[in-house]
Amino acid sequence: MKKKSTILILILVLGILLTACKKNENTTTMTNEQVKEEVNETQAKKTIYVSNYPYYDLTKAIVGDRVDLVNITKNQGFHNWEPSAKDLADLQEADMFIYSGPGLEKWADDLIEKDLIGGSILSLSDGLDLLKSTHSHDHNHEEDHDHEEDHDHDYDHGEFDPHIWLSLKNAQVIIKNIKDQVTELDPANADFYEANYKDLSQKLKDLDDKYEETLKDKKRDEILVSHEAYGYLCRDYNIKQVGIEGINPQGEPSLQQIDNIIKLCKDKDIKVIFYEESISPKVADLIANEVGASLELLSPIEVLSKDQMDAGKGYLEIMTENLKGLDKALNE
Ligand SMILES: [Zn+2]
């Protein structure tokens, strides 16, 4: 009898110990409710792909970590970018795709036409006054120049300047469109997006005011740039850009073109030649030396340098630095 009851007690104690252990395990990891919540959150988190670094940075300021945000072109620039097989697979899974708009990014036009992008598509040129591209085309469009209103026709030919983000005034329209569309996609975080949007909008306005103030009584009104990315920025503050190369960063000027530019610099009393981080400043340097000008960085925020990335520089920081160079070029 005694033996039997001892065994019974032992079984009981063992049972209690096992239960305690199990309970302990649960409390140190997660309750069932917590597990369920976590799963819901993962399911609810949307994935947004953007076509360009400035769109990534501006969208990130609005969505924070509440959305999985990916710049599909990484740090390769959007001119002539081609998606890999993995990029294509990723884009099909997107909840939203944000890009410059029809006619401004050819690869995106192709993918959209073939219906290869999942989710909703946000064109950031919506609501903006687009400028004609100032670069020369491979094919002649002289006969089209009287038909400025014929937008659909012009879009097919890539007639418009794609660098819409380089205007702080455009950026206001761009971030409102991003905020509205993201809120539609993920209404649960509407207040969070709205607050971030307002904060960003104020920062853009403050910087725009600084540009206006710095450039309102400028001594000169022309800038010499290595790629004609600043059409919208120039329009905002009554500046003219003169390109050392065409709008495509791959181009290089001929000796005759360089001679013409040197003559132009002397005529216009140009003090600063701009270069950008992704292009070798060889030509810009040569011209600067020839005319006694200084060389300054003016960034189109397309391909960031390692230094810029290491310093975690974003749209606002780089646009602030761009103003320093413009101030030097136009006011000194
Ligand atoms: Zn460009």
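Before reading further, recall that the structure is shown in the block above.
Overview of the structure.

**Regarding the pairing of strand β4 (residues 120–123)**
With four bridges joining them, strand β3 (residues 96–99) and β4 adopt parallel strand pairing. Looking across to β4, one finds that Tyr-99 is bridged to Ser-123. Note on the crossover from β3 through helix α5 (residues 106–113) to β4: the handedness is right-handed.

**Details of the packing of aromatic side chains**
Under the criterion given, the structure shown has seven aromatic pairs. An aromatic cluster of three or more residues is present, and its members are Trp-81, Phe-97, Tyr-99 and Trp-107. Directly above the ring of Phe-192 sits Arg-66, whose terminal nitrogen or CZ lies 3.7 Å from the centroid.

**Observations concerning unusual backbone geometry**
Its identity is not glycine, yet Lys-74 carries a phi of approximately 50°, on the positive side. Mapped onto the secondary structure, Lys-74 falls in the loop between β2 (68–71) and α4 (85–92). Non-glycine residue Asp-115 carries a positive phi angle of around 60°. One can find Asp-115 in the loop between α5 and β4. With a relative accessible area of 63%, Asp-115 lands in the exposed category.

**Quick notes on the nonpolar core**
In this structure, Ile-164, Tyr-211, Ile-223, Ile-301, Tyr-315 and Met-319 are the most contacted members of the largest nonpolar core, which totals 56 residues. Looking at this core element by element, the count peaks at eight residues for helix α13 (residues 315–331). There are two domains that each give this core at least three residues, and those are domain 1 (43–129 + 151–209) and domain 2 (217–331). The residues touching Ile-223, leaving out its near neighbours within four places in the chain, are Cys-234, Ile-239, Lys-240, Gln-241, Val-242, Phe-274, Leu-298, Leu-326, Ala-329 and Leu-330.

**As for the sheet that holds β4**
In space, the four strands of this open sheet follow the order β2-β1-β3-β4, with parallel pairing throughout. With partners counted over all chains shown, the strands left at the sheet margins are β2 and β4, one partner each. Neighbour-to-neighbour, the strand axes of this sheet turn through a mean angle of 20°, independent of strand direction. With four bridges connecting them, strand β1 (residues 47–50) and β2 associate as parallel partners. Its bridge partner lying in β2, Tyr-49 is registered against Val-70. Where α5 meets the sheet, it contacts β3 and β4, and its direction lies at approximately 145° from that of β3.

**Examining the pattern of salt bridges**
Counted under the stated rule, the structure contains 23 salt bridges. In this structure, the salt-bridge partner of Lys-216 is Glu-213, at a minimum N-O distance of 3.4 Å. Accessibility assignment for this pair places Lys-216 and Glu-213 in one class, exposed. A salt bridge links Asp-269 to Arg-220, with the nearest nitrogen and oxygen atoms 3.9 Å apart. Remark: Arg-220 occurs in the loop between α8 (190–215) and β5 (222–225) and Asp-269 occurs in the loop between α10 (255–268) and β7 (272–275); sequence separation between them is 49 residues.

**Looking at the packing of α8 against α13**
How two helices pack is summed up by the angle between their axes together with the distance between the axes. The geometry of α8 relative to α13 is characterised by a closest axis approach of 10 Å and an angle of 5° between their N-to-C directions. As the angle between them shows, α8 and α13 are arranged roughly parallel. Residue-level contacts link Leu-200, Lys-203, Leu-204, Leu-207, Lys-210, Tyr-211, Thr-214 and Leu-215 of α8 to Tyr-315, Leu-316, Met-319, Thr-320, Asn-322, Leu-323, Leu-326, Asp-327, Leu-330 and Asn-331 of α13. Its residues assigned to classes, the contact of α8 with α13 comprises eleven nonpolar, four polar and three charged.

**Some details on the pairing of β2**
Each regular strand carries side chains that alternate between the two faces of the sheet. Only one face of β2 is covered, namely the one carrying Leu-69 and Asn-71; the face carrying Asp-68 and Val-70 has none of its residues buried. For the crossover from β1 across helix α3 (residues 53–63) to β2, the handedness is right-handed.

**Structural notes on the environment of Tyr-237**
Among the secondary structure elements, Tyr-237 is positioned in the loop between α9 (231–236) and β6 (240–243). Among the residues examined, Tyr-237 registers a relative accessible area of 5% and is labelled buried. With 25 residues separating them in the primary sequence, Tyr-237 and Glu-212 have C-alpha atoms 6.8 Å apart. Residues in contact with Tyr-237, not counting those within four places in the same chain, are Leu-168, Lys-169, Asp-208, Tyr-211, Glu-212, Leu-215 and Lys-218.

Scoring rules and cut-offs
Residues numbered from 1 in each chain as written. Predicted model: local features only at pLDDT ≥ 70, side-chain atom pairs only at ≥ 80, totals over all residues. Heavy atoms only, no water. Pairing = 2+ DSSP bridges. Helix = DSSP H or I, 4+ residues; strand = E, 2+ residues; numbered from the N terminus. Right-handed = clockwise from strand over helix to strand, strands pointing away. Phe/Tyr/Trp six-rings, centres within 6.5 Å; stacked < 30°, edge-to-face > 60°. Lys NZ or Arg CZ within 6 Å of the ring centre and 35° of its normal. Buried < 20%, exposed > 50% of the residue type's maximum accessible area, 1.4 Å probe, protein only. Core = buried A, V, L, I, M, F, W, Y, C linked by side-chain atoms within 4.5 Å. Domains from an automatic or database assignment. Contact = heavy atoms within 4.5 Å. Axes fitted to C-alpha atoms, helices over the stretch in contact; angles between N-to-C directions. Salt bridge = Lys/Arg side-chain N within 4 Å of Asp/Glu carboxyl O. Parallel < 35°, antiparallel > 145°, perpendicular 65-115°, else oblique. Nonpolar A, V, L, I, M, F, W, Y, C, P; charged D, E, K, R; others polar.

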